[in-house]
Amino acid sequence: ATDVVVFGETMAALRAHDPIRLGGTMGLSVAGAESNVAIGLARLGHRVSWTGLVGDDETGQLVLRTLRAEGVDVTNARVDGRGPTGLILFERRVGDLTRVIYHRAGSAASFLEPSDVLPALTPPPRTLHVTGITPALGPGPAAAVRAAVGAAAEAGAPVCLDVNHRARLWDRGTAAEVLRPLAASLSVVVASDDELELVAPASATTERDRVTALLDLGVGEVVVKRGADGASAHTAEQSVDVPARRVRVTDLVGAGDAFVAGYLSGRLDGLDLAGRLDRAVTTGAFAVASPGDWEGLPTRAELALLDTLPGSTLR
Ligand code: KDG
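Everything quoted here is computed from the prediction, not taken from an experiment.

Calculation criteria
Residues numbered from 1 in each chain as written. Predicted model: local features only at pLDDT ≥ 70, side-chain atom pairs only at ≥ 80, totals over all residues. Heavy atoms only, no water. Phe/Tyr/Trp six-rings, centres within 6.5 Å; stacked < 30°, edge-to-face > 60°. Lys NZ or Arg CZ within 6 Å of the ring centre and 35° of its normal. Pairing = 2+ DSSP bridges. Helix = DSSP H or I, 4+ residues; strand = E, 2+ residues; numbered from the N terminus. Axes fitted to C-alpha atoms, helices over the stretch in contact; angles between N-to-C directions. Near = heavy atom within 4 Å. Polar contact = N/O pair within 3.5 Å; in protein donor to acceptor, adjacent residues only side chain to side chain. Areas by Shrake-Rupley, 256 points an atom, 1.4 Å probe, with all protein chains shown as cover. Nonpolar A, V, L, I, M, F, W, Y, C, P; charged D, E, K, R; others polar. Salt bridge = Lys/Arg side-chain N within 4 Å of Asp/Glu carboxyl O. Buried < 20%, exposed > 50% of the residue type's maximum accessible area, 1.4 Å probe, protein only.

(A) Quick peek at the packing of aromatic side chains. Across all of its chains, the model carries zero aromatic pairs by this definition. Over the ring of Tyr102 we find Arg104; its NZ or CZ atom is 4.5 Å from the centre of that ring.

Next up, the structure:
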């Protein structure tokens, strides 16, 4: 069986080293939160499938070719000519700050429907992973998330949601209205500390209350990311905190997805909560320390590499 099924929008990605309005050269790659997670998991040796729609264009072929090359199963993905493959521009501004510019409204991926994603869930995978980006893309993608989460939960497959709020796509109130009803079907919730309120019941007002409310709804693991300050994971039985790994920051984009890949990998391997978090902060650190969303993610053999890097000890 497939270890992890993901779906969502993967775009062509152009990365500029200078302000875009000044011109110059850009590097072409692909980016998408769910496919970043898929690549991270595939590099660690897990069987992963990505489903989504790409345009009938060369960048769509780049998306499919890249995922195939990374060992991600794309047999459920397809070309859809109703819109182009989306485009994301990354512009390095000052310091670690990367400006993101989307050209994705009306993209092929925005036509995603439940019927596109449900076939990937038969037979049920060991995990379904979704993000809060997909339901922000339109009514079809939102219905696809609801249908897939419902179908996986019904089949007994654990569902992981990364809240992944994208303020450019929707406001916090709308996101909360869509994400909160999913909570009772989730096994794992991953959120940064400022995103937890978008999935936890509105009645909870502190982080502790939000975690407790999610656990009371039946969520098995609530994982809170704090960037350079590390991460915490909570179950009904225990709470574990880990520090972030200290690495030189090259590119923060994709760190959250790498974190999820590490966490789910540890979970699939049967590691305890501390072990899952340790792998998550390790894969997150690889993403932070290397350029691109997913290009620098570790293979299983490379996981221990940070332990040997001077200065990259646990904080
Ligand atoms: O998590 C990194 C993503 O932000 C990037 O790959 C693009 O999926 C993306 C999005 O919608 O912002």
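That was the structure; now back to the text.
(B) Summary view of the sheet that holds strand 3 (residues 26-31). Spatially, the four strands line up as an open sheet ordered 3-2-7-8, and their pairing is mixed. Each edge of the open sheet is held by one strand with a lone partner, namely strand 3 and strand 8 (98-103). Each adjacent strand pair in this sheet contributes to an overall mean axis angle of 25 degrees, direction not counted. Pairing of strand 7 (residues 87-92) with strand 8 involves six bridges; the strand directions are antiparallel.

(C) Quick peek at the site of the ligand. Near the ligand you find 13 residues, and of these Ala33, Tyr102, Arg104, Asp257 and Asp293 are the closest. Here an oxygen atom of the ligand and a side-chain polar atom of Arg166 are 2.9 Å apart. For the ligand, whose accessible area on its own is 320 Å², the fraction buried by protein is 93%. Looking at the shell around the ligand residue by residue, the class counts come to seven nonpolar, two polar and four charged.

(D) Highlighting the pattern of salt bridges. Counted under the stated rule, the structure contains 18 salt bridges. When the shortest N-O distance is used, the salt bridge between Asp251 and Arg15 registers 3.7 Å. Of this pair, Asp251 sits in the loop between strand 14 (239-242) and helix 7 (255-268) while Arg15 sits in strand 2 (residues 11-16), and the two are 236 residues apart along the sequence. For the pair Asp251 and Arg15, a shared accessibility class is recorded, and that class is buried. Note that Arg245 and Asp307 form a salt bridge whose closest N and O atoms lie 3.0 Å from each other. Of this pair, Arg245 sits in the loop between strand 14 and helix 7 while Asp307 sits in helix 9 (residues 305-308), and the two are 62 residues apart along the sequence. Its relative accessible area of 53% is what places Asp307 among the exposed residues. In the salt-bridge network here, residues are joined through shared partners; they are Arg78, Asp80, Arg82 and Asp116.

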